[in-house]
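Examining the three-dimensional arrangement
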Amino acid sequence: MEDPPGDHQIDRKAALQALRTAKLALFAAALEATLRWWHEWSARCDVRGEYHEPVVRSLITLKALTDSETGGMVAAPTTSLPEQLGGERRLPERELDWLSGYEGSRPVRIGNGAHTQTLILLP
């Protein structure tokens, strides 16, 4: 269905371009705010010298893996990383299809010492 002629007719192409521009501006502003927040947060690190950069990188990684509301950390962020780029095998676990996992979960993975740890479930 065509729009009736007149001054109220919308140039769809221009409207879509304006929407893209507005979304891009919102994204840029959010990115700038995020970068500023991380920069200000990491600037509080008082470690100086040759270890400053690796310490800040480690702090940022730990902070990014921490839930802002609960303080809980991601349990195993490396479970899906390959041993080498393009590799098939994953670190540190290996699959054992013949073992029964928690409530029948499969595959069972071993290799990180979890079987020797105490699991404390919180409500």
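The paragraphs below set out a description of the structure included in this document.

Scoring rules and cut-offs
Residues numbered from 1 in each chain as written. Predicted model: local features only at pLDDT ≥ 70, side-chain atom pairs only at ≥ 80, totals over all residues. Heavy atoms only, no water. Helix = DSSP H or I, 4+ residues; strand = E, 2+ residues; numbered from the N terminus. Buried < 20%, exposed > 50% of the residue type's maximum accessible area, 1.4 Å probe, protein only. Contact = heavy atoms within 4.5 Å. Areas by Shrake-Rupley, 256 points an atom, 1.4 Å probe, with all protein chains shown as cover. Phe/Tyr/Trp six-rings, centres within 6.5 Å; stacked < 30°, edge-to-face > 60°. Salt bridge = Lys/Arg side-chain N within 4 Å of Asp/Glu carboxyl O.

1. So, the overall build of the protein
The secondary structure content of the protein amounts to two helices and two strands. Mapped in sequence order, the helices and strands of the protein form the string α-α-β-β. Looking at the protein residue by residue over its 123 residues, the buried ones come to 7%. The long-range share in the protein, meaning contacts at least 24 apart out of those at least 6 apart in sequence, stands at 5%. When the accessible area of the protein is evaluated, it comes to approximately 11,200 Å², of which 59% is carbon and sulfur surface.

2. Digging into the packing of aromatic side chains
Tallied over the full model, the rule gives three aromatic pairs. Measuring from centroid to centroid gives 4.9 Å for tryptophan 37 and tryptophan 38, while their planes differ by 85°, and the two rings are edge-to-face. Residue classification places tryptophan 37 among the partly exposed residues on the basis of a relative accessible area of 42%. Measuring from ring centre to ring centre gives 6.3 Å for tryptophan 37 and tryptophan 41, while their planes differ by 10°; the resulting arrangement is stacked. With tryptophan 37 and tryptophan 41 both in helix 1 (residues 12-42) and four residues apart, this pair spans about one turn of that helix. A network of ring pairs unites the aromatic residues Trp37, Trp38 and Trp41 as a single cluster.

3. So, the pattern of salt bridges
If you walk through the whole model with that rule in mind, you get two salt bridges. Arginine 57 is the partner of glutamate 53 in a salt bridge, and the nearest nitrogen-oxygen pair spans 3.5 Å. A residue pair is termed a helical-turn pair when its members lie 3 or 4 positions apart in one helix, as glutamate 53 and arginine 57 do in helix 2 (residues 52-64) at four residues. Residue glutamate 53 is classed as partly exposed on the basis of its relative accessible area, which comes to 47%.

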